[in-house]
2 protein chains.
Amino acid sequence: MLRLSKLTDYAVVVMVRLAEVSPGSNPDVQTSPGIAAATGVPEPTVAKVLKTLAATGLVTSQRGARGGYRLARPLHEIPVAEVIAAVDGPIALVACVDGSATECESQGLCPVRGRWDPVNDAIERALSGITLADMREAAVPPMFRVPAFLPAAE
Amino acid sequence: MLRLSKLTDYAVVVMVRLAEVSPGSNPDVQTSPGIAAATGVPEPTVAKVLKTLAATGLVTSQRGARGGYRLARPLHEIPVAEVIAAVDGPIALVACVDGSATECESQGLCPVRGRWDPVNDAIERALSGITLADMREAAVPPMFRVPAFLPAAE
DNA sequence: CCAATCAGGACCCAACCGGTCCTGTTACGG
DNA sequence: CCGTAACAGGACCGGTTGGGTCCTGATTGG
């Protein structure tokens, strides 16, 4: 249940990687192929995710040669809710949440008419309280952290 | 995002209807066709949902002639989380939550290894705090409440 | 004994998601 | 000034999964 798309998962991975950018290294931006190599996520998918994130302003992009992506804000200022909303669309568990009044065919007797709203709100709040920084800190013991290498393909 | 299946929505509708059972009327159980007629949800779908709910013990069933379904517990004792878990399976946002260690192909560098757990837990808690009774009370002004009639089909 | 109703499958269709690719457009660097 | 590297933003296609229907038992009341 509550299946959120794999793309969202990738988005988190990519953004965390974006934050782990070489401390004071050459460029302050990272390219799609670079991130793909570092994370193991297929390159086209990385590009797609990055483009989506850039469209919503979660990351900023630098076009042209020597271009790349960069975090718009530090990890601890980015709630998971924003990432999810950016990739998967707005937080909404069921089809008839608010906007679409024309949806319900049996509108007269639909007993949940907007009833999921408190649930949505509760989840929204829960998700807004967790930032990407929290996700980086938590879980995974440091011993499992890999420095980021490996060409991913073959 | 966070798309939960339409079946879950139906489940809530059906269970609320099950609770709105005629106060002290003829049978204390309701049949699938009856609920379908009252809610507008297609009858086979209602039957399917009811069977699933019965399998998880959220509703009890009476077989044979004059049989039907009945709530196992009052609405205010049933958190939405239980309904969701019953219909849509366990609460898990991403594929690699805990059990499956063989999932991650690029296991060595998967940077979110179990990182969604706190998020899952937060949602789980949020969902456990809301009961079906809350959903019935909230939203929808009483003026929109319909007594339940209409054969649904034509 | 018959009819009504639940039980539990199998099954099919459609929508959506994941993933790839292609064609601009921008800007750095020589 | 030109070539190249990288983002932008589509279109597109295939696989998976959920939504929905139906059929065949099993059970119980009249």
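Residues numbered from 1 in each chain as written. Chains lettered and ligands numbered in written order. Predicted model: local features only at pLDDT ≥ 70, side-chain atom pairs only at ≥ 80, totals over all residues. Heavy atoms only, no water.

## Observations concerning helix 5 (residues 117-128) of chain A
Residues and elements named next belong to chain A.
- For helix 5, built from 12 residues, the straight-helix expectation of 16 Å at 1.5 Å per residue is met to within 8% by its first-to-last C-alpha distance of 16 Å.
- All of the buried residues along helix 5 are Val119, Asn120, Ala122, Ile123, Ala126 and Leu127. Across the axial projection of helix 5, the buried residues extend over an arc of 160°, all falling on one side. (Helix = DSSP H or I, 4+ residues; strand = E, 2+ residues; numbered from the N terminus. Expected span 1.5 Å × (residues − 1). Buried < 20%, exposed > 50% of the residue type's maximum accessible area, 1.4 Å probe, protein only. Arc of directions from axis to C-beta.)

## Focus: the pattern of salt bridges
Residue and element names in this part refer to chain A.
- A full pass over the atoms with the stated rule returns 4 salt bridges over all chains.
- Here Arg125 and Asp121 are joined by a salt bridge, their closest N and O atoms 3.2 Å apart. Of the two residues, Arg125 and Asp121 are both situated in helix 5; the distance of 4 residues between them amounts to about one turn of the helix.
- Its relative accessible area of 54% is what places Arg125 among the exposed residues. (Salt bridge = Lys/Arg side-chain N within 4 Å of Asp/Glu carboxyl O.)

## A word on unusual backbone geometry
All names here are of chain A.
- One non-glycine residue, Arg66, lies in positive phi territory at about 60°.
- Tracing the sequence through the fold places Arg66 in the loop between strand 1 (59-62) and strand 2 (68-71).
- Assessed through its relative accessible area of 72%, Arg66 is described here as exposed.

## Things to note about the protein's contact with DNA strand C
- Near DNA strand C lie 26 residues; those nearest to it are Ser5, Lys6 and Arg63 of chain A together with Ser61 and Tyr69 of chain B.
- The sugar-phosphate share of atoms of DNA strand C within 4 Å of the protein amounts to 64%.
- Contacts to DNA strand C include Gln62 of chain A, whose side-chain N or O atom sits 3.4 Å from a phosphate oxygen.
- Within the side chain of Lys51 of chain B, a nitrogen or oxygen atom sits 2.8 Å from a base nitrogen of DNA strand C.
- Class assignment for the residues of the surface near DNA strand C results in 7 nonpolar, 11 polar and 8 charged. (Near = heavy atom within 4 Å. Polar contact = N/O pair within 3.5 Å; in protein donor to acceptor, adjacent residues only side chain to side chain. Nonpolar A, V, L, I, M, F, W, Y, C, P; charged D, E, K, R; others polar.)

## What about the protein's contact with DNA strand D?
- In the region of DNA strand D, 24 residues are neighbours, and Lys51, Ser61 and Tyr69 of chain A together with Lys6 and Lys48 of chain B sit closest.
- For DNA strand D, the backbone makes up 67% of the atoms found within 4 Å of the protein, where backbone means sugar plus phosphate.
- Backbone polar atom of Ala65 of chain A to a base nitrogen of DNA strand D: 3.4 Å apart, as the coordinates give it.
- Taking Arg63 of chain B, its side chain carries an N or O atom lying 3.0 Å from a base nitrogen of DNA strand D.

## A closer look at the environment of Leu53 of chain A
Residues and elements named next belong to chain A.
- Along the polypeptide, Leu53 turns up in helix 3 (residues 43-56).
- Residue Leu53 is classed as buried on the basis of its relative accessible area of 0%.
- For the pair Leu53 and Glu82, spaced 29 residues apart in sequence, the C-alpha separation works out to 9.9 Å.
- In contact with Leu53, not counting residues within four places along its chain, are Ala11, Met15, Leu58, Val59, Ala86 and Val87. (Contact = heavy atoms within 4.5 Å.)

## Structural notes on the pairing of strand 1 (residues 59-62) of chain B
- Here strand 1 of chain B runs beside strand 2 (residues 68-71) of chain B; their pairing, made up of 4 bridges, is antiparallel. Each residue of the ladder has a partner; that of Val59 of chain B, found in strand 2 of chain B, is Leu71 of chain B. (Pairing = 2+ DSSP bridges.)

## Remarks on the environment of Arg73 of chain A
All names here are of chain A.
- Tracing the sequence through the fold places Arg73 in the loop between strand 2 and helix 4 (80-88).
- Along the chain, Arg73 and Gly57 lie 16 residues apart, while their C-alpha atoms are 9.5 Å from each other.
- In contact with Arg73, other than residues within four places in its own chain, are Leu58 and Ile78.
- Separated by 2.7 Å, the side chains of Arg73 and Glu77 make a polar contact.

## A closer look at the confidence of the model for chain A
Residues and elements named next belong to chain A.
- On average, residues of chain A score 77 in pLDDT, and 68% of them reach the 70 mark or higher.
- This stretch, residues 97-109, has a pLDDT under 50; its non-local contacts, to residues over four places away or in other chains, come to 20 contacts.
- Contacts for the low-pLDDT stretch residues 142-154, under 50 throughout, to residues beyond four places or in other chains number 16 contacts. (pLDDT = per-residue confidence, 0-100.)

## A short note on the side chain of Gln30 of chain B
Residues and elements named next belong to chain B.
- Take Gln30: it is sitting in the loop between helix 1 (6-19) and helix 2 (32-39).
- Residue classification places Gln30 among the buried residues on the basis of a relative accessible area of 10%.
- Only 3.4 Å separates the side chain of Gln30 from the backbone oxygen of Arg17, close enough to count as a polar contact.

## Topic: the packing of helix 1 of chain B against helix 4 (residues 80-88) of chain B
Residues and elements named next belong to chain B.
- The contact between helix 1 and helix 4 brings their axes to 9 Å, and the two run at 125°. When the interaxial angle is binned, helix 1 and helix 4 end up oblique. Here helix 1 runs over helix 4; the crossing is right-handed. Between helix 1 and helix 4, the residues in contact are Leu7, Thr8, Ala11, Val12 and Met15 and Val83, Ile84, Val87 and Asp88, respectively.
- Residue composition of the contact of helix 1 with helix 4, grouped by class: 7 nonpolar, 1 polar and 1 charged. (Axes fitted to C-alpha atoms, helices over the stretch in contact; angles between N-to-C directions. Parallel < 35°, antiparallel > 145°, perpendicular 65-115°, else oblique. Left-handed = near helix turned anticlockwise from the far one by under 90°.)

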